[in-house]
Amino acid sequence: MSSSTVRVRFAPSPTGYLHVGGVRTALFNWLYARKTGGKFILRIEDTDIQRNKEEATQIIINGLKWCGLHWDEGPDIGGPCAPYFQSQRMGHYKVVGDALEKAGLAYWAKKDSAGGLPEWKIEKLKKQGKWDEEKAQAAADPNPALYLKVDLNGRSEVVFEDAVKGTIAKPAATYQEEDGVTGKDFVIMRGNGMPVYNFACVIDDVDMRISHVIRGDDHVENTFRQIFIYEALAKLPEGALPNAPKIPVFAHLPMIFNEEGKKISKRRDPVAITLYQACGLLPEAMINFEALLGWSPGNEHEVMPMEEIIREFSFDRIKSASAQFTLNRKLPPPVAAGGATTDPEVEAQIVEWLSECLKGSKLEWINGEYMRKLDAAELVKRVEPFLLKKGYDVSHHSPAWLKNVLQMEQERSKTLKQLAENVALFFNAPTKLEPKAVDKVLKKNDGIAVLQEMRGVLAGVEEWAGPALDNAVKHFAESKGKKLGDVAQPLRVALSGTTVSPPIHDTLHLLGQAECLRRIDFALTQVC
RNA sequence: GUCGCUAUCGUCUAGAGGCCUAGGACAGAGGACUUUCAAUCCUCCAACCGGGGUUCGAAUCCCCGUAGCGACGCCA
């Protein structure tokens, strides 16, 4: 493998859900790997998460797979840099930490007293009245921690080139004590022997020969500290690390905001990707939409096949301003949860709410575009889980019938979930007629009479097929001197209980003669 | 508190000094088509944060404000 090979990684921590922001980070990494013929690596940063690690990892794996973002190396499939769990690499971090100490680049010391919190944070907490000295003392690790010696090396500022944002610089003073000489050393190994995020991250990126670090721009500040770590590692004697420490290219992606202009968060925003899945969005639409958050191909294409996104993708077409993930929130969320809930009832509530928020959004529009492009077989495959969830017994019907029913609603639905709902009338006869429909249709323009007469016409139809039924309806309307709508609407109300359905002859056809007559009879009992 | 980043229609965005009377898309309004709902098509509405420079010419370059966001821990 040549040293110029692109290797990128997505390194989530297993929190119990896959965040829509994480999906976008993963996507951009994946795109870059696919575009350059490089490798996409999945690494699980689980140094500090105690519970349900395996389950939480599986959730991430499932989410990424659903999105179609497949990795070349990772916890489930292994690879040359295994293991891909940080929790399984602890020994290695310790060895590197020791090597740094031995080389005089780091030292064990006990510096903080107040739970390791910096002064500015303590002051802030005090101002908010949230400061508890005793608690902080108790939480403080009594053991010494390993500090990295910060070496400014005479620099007046620390600089790196960001592939998205350009040059980013910080004054050296940020990392120096008041004297302007001594570096502000920082912890890389905790008192309990666990590595700090920045340390583990850099070691892993070196070990895994990561060439490009593509991540959210909330990591910009971390980058400077990480650079110090890279520089220290480079001073280690040869052989201390399997690969030569080389500072990767950094590409910091703009954040995704909510409608309030704040970083999207699980406390108040629907962030779990599974929520969007449950709303009946297609992964390809979700991915297309997320790709367009902060990136554009520079032409006027918006709905693009993945191949085109890969072809057009480049860092310099990524904006450095953050983008809003807009939903139409007409209603407040039912609960303050981003979808990490394990209660299926609560999740169902959130999904209903999210579905409402999705209405009229660009995401829903893109999804509709993709829905309409689905071929019949694919459509059936995708909608089926939603039908089962609604309790429709699909097995009673022929595959051809099911295909016809779904295709008829395909153009009328923007999500799989909507489609499953729109198709309800083909699985369940209405138990009552919408009062509004009765008033507007049946009680006007001789609606009831038309229905009664149509019942007779339909009972006499011998060839129960679309064209024949179309003719029957049209002839009847003509013979009575009525507009088509005056015949179709009463029928529609009788068959569906509502004023909305697919074209009337198709609806008649797919419902079958016996069922149609039964529903008309039922409707007549309701209004006569 | 300190540091950093950002600023174009309500939203996603195009824009690399003259192609800008600022383009596209979603949403919204109106209309056409129609058998309801969609889909489709047409029309409309709607933005360069403010102020200074530089320049023959600025949405674009520079400076200063302002605002927003982010980050700063023995969290990740």
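In this text, all values refer to a predicted model and were calculated from it rather than measured experimentally.

## Some points on the overall build of chain A
So, point 1. Across its full length, chain A holds 21 helices and 11 strands.
So, point 2. By the compact-globule yardstick of 24 Å for 528 residues, chain A is too spread out, its C-alpha radius of gyration being 31 Å.
So, point 3. Principal-axis analysis of the C-alpha atoms gives chain A an extent of 100 × 55 × 40 Å.
So, point 4. Counting only residues that meet the buried cut, chain A has 49% of its 528 residues in that class.
So, point 5. Pairs at least 24 residues apart make up 75% of the contacts formed inside chain A by residues separated by at least 6 positions.

## Some remarks on the pattern of salt bridges
Two side chains that carry opposite charge are able to pair once their charged atoms sit near each other.
So, point 1. Inspection of the entire model under this criterion finds 30 salt bridges.
So, point 2. Residue Arg-518 is joined to Glu-515 by a salt bridge in which the shortest nitrogen-to-oxygen separation is 3.4 Å. Of the two residues, Arg-518 and Glu-515 both sit in helix H21 (residues 513–527), three residues apart, roughly one turn of that helix.
So, point 3. Here the residues in one salt-bridge network are Arg-9, Arg-43, Glu-45, Arg-89, Asp-204, Asp-205 and Asp-207, joined through shared partners.

## Topic: the packing of aromatic side chains
So, point 1. Summed over the entire model, instances satisfying the criterion amount to 14 aromatic pairs.
So, point 2. Relative to Phe-313, the ring of Phe-28 lies with its centre 5.4 Å away and its plane at 70 degrees, an arrangement referred to as edge-to-face. In this pair, Phe-28 is assigned in helix H1 (residues 20–36) and Phe-313 in the loop between helix H10 (306–312) and strand S11 (323–324), connecting sequence segments 285 residues apart. No difference in accessibility class separates Phe-28 from Phe-313, as the two residues are buried.
So, point 3. Ring centres of Tyr-175 and Phe-228 lie 5.1 Å apart, and the angle between their planes is 75 degrees; this geometry places the pair in the edge-to-face category. Here Tyr-175 is found in the loop between strand S6 (166–171) and strand S7 (186–189), whereas its partner Phe-228 is found in helix H7 (residues 220–234), with 53 residues between them in sequence.
So, point 4. Owing to a relative accessible area of 7%, Tyr-175 belongs among the buried residues under this scheme.
So, point 5. Given the relative accessible area of 3%, Phe-228 is considered buried.
So, point 6. Lying over the aromatic face of Phe-28, Arg-24 brings its terminal NZ or CZ to 5.5 Å of the ring centre.
So, point 7. Positioned above the aromatic ring of Tyr-370, the side-chain terminus of Lys-373 is 5.4 Å from the ring centre.

## What about the sheet that holds strand S3 (residues 106–109)?
So, point 1. Reading across from one edge, S3-S4-S7 is the order of the three strands in this open sheet, with antiparallel pairing throughout. Across the chains shown, the open sheet's two edge strands, defined by having one partner strand only, are S3 and S7. Neighbour to neighbour, the strand axes of the sheet diverge by 45 degrees on average, direction disregarded.
So, point 2. Along the sheet face, H7 touches strand S4 (145–148) and S7 and points at about 60 degrees away from the line of S7.

## Some details on unusual backbone geometry
Only a minority of non-glycine residues have a phi that is not negative, and only a minority of peptide bonds are not trans.
So, point 1. In this structure, the amide linkage connecting Ala-82 to the following residue, Pro-83, adopts the cis form with an omega of 0 degrees.
So, point 2. With respect to the helices and strands, Pro-83 occurs in the loop between helix H2 (53–67) and helix H3 (90–102).
So, point 3. Here Arg-209, not a glycine, exhibits a phi torsion of approximately 50 degrees, which is positive.
So, point 4. With respect to the helices and strands, Arg-209 occurs in the loop between helix H6 (197–207) and strand S8 (212–216).
So, point 5. What makes Arg-209 partly exposed here is its relative accessible area of 33%.

## Things to note about helix H20 (residues 504–511)
So, point 1. Within H20, six of the eight residues are buried, which leaves the element mostly enclosed by the surrounding structure.
So, point 2. Among all positions in H20, only Ile-504, His-505, Thr-507, Leu-508, Leu-510 and Leu-511 are buried.
So, point 3. In this structure, the buried residues of H20 make contact with helix H14 (399–410), helix H17 (447–459), helix H18 (466–480), helix H19 (484–496) and H21.
So, point 4. Backbone geometry just after H20 places Gly-512 at a positive phi near 90 degrees.

## Structural notes on the nonpolar core
So, point 1. Ranked by internal contacts, the top residues of the largest apolar core, which has 120 residues, are Tyr-276, Phe-325, Leu-387, Phe-426, Leu-458 and Leu-491.
So, point 2. Ranked by residues supplied to this core, first place goes to H1 with nine residues.
So, point 3. With 40 residues, the next largest nonpolar core counts Leu-105, Tyr-175, Phe-228 and Ile-229 among its residues.

## Thoughts on the packing of H18 against H19
So, point 1. Where H18 meets H19, the closest approach of the two axes is 8 Å, and the angle between their N-to-C directions is 125 degrees. Between H18 and H19, the interaxial angle falls into the category oblique. The interaxial crossing formed by H18 with H19 has right-handed handedness. Every residue of H19 that contacts H18 at Val-473, Lys-474, Phe-476 and Ala-477 is listed here: Leu-484, Val-487 and Leu-491.
So, point 2. Residues belonging to the contact of H18 with H19 are distributed by class as follows: six nonpolar, no polar and one charged.

## Brief notes about the confidence of the model for chain A
So, point 1. Across chain A, the average pLDDT comes to 90, with 96% of residues at 70 or higher.
So, point 2. When mean pLDDT is compared element by element in chain A, strand S2 (residues 39–42) scores highest at 98, while helix H5 (residues 133–139) scores lowest at 75.
So, point 3. Across the assembled chains, the prediction reports ipTM 0.94 with pTM 0.93.

## Digging into the pairing of strand S5 (residues 157–162)
Regular strands show a simple pattern: their side chains alternate between the two faces of the sheet.
So, point 1. Of the two faces of S5, the one lined by Val-158, Phe-160 and Asp-162 is fully buried and the one lined by Glu-157, Val-159 and Glu-161 carries no buried residue.
So, point 2. As paired elements, S5 and S6 share six bridges and run antiparallel to each other. For Val-159, the partnering residue across the bridge sits in S6 and is Ala-169.
So, point 3. If you look at the hairpin formed by S5 and S6, you'll find three residues sitting between the two strands.

What counts and how
Residues numbered from 1 in each chain as written. Chains lettered and ligands numbered in written order. Predicted model: local features only at pLDDT ≥ 70, side-chain atom pairs only at ≥ 80, totals over all residues. Heavy atoms only, no water. Helix = DSSP H or I, 4+ residues; strand = E, 2+ residues; numbered from the N terminus. Rg over C-alpha atoms; globule rule 2.2 N^0.38 Å. Buried < 20%, exposed > 50% of the residue type's maximum accessible area, 1.4 Å probe, protein only. Contact = heavy atoms within 4.5 Å. Salt bridge = Lys/Arg side-chain N within 4 Å of Asp/Glu carboxyl O. Phe/Tyr/Trp six-rings, centres within 6.5 Å; stacked < 30°, edge-to-face > 60°. Lys NZ or Arg CZ within 6 Å of the ring centre and 35° of its normal. Pairing = 2+ DSSP bridges. Axes fitted to C-alpha atoms, helices over the stretch in contact; angles between N-to-C directions. Core = buried A, V, L, I, M, F, W, Y, C linked by side-chain atoms within 4.5 Å. Parallel < 35°, antiparallel > 145°, perpendicular 65-115°, else oblique. Left-handed = near helix turned anticlockwise from the far one by under 90°. Nonpolar A, V, L, I, M, F, W, Y, C, P; charged D, E, K, R; others polar. pLDDT = per-residue confidence, 0-100.

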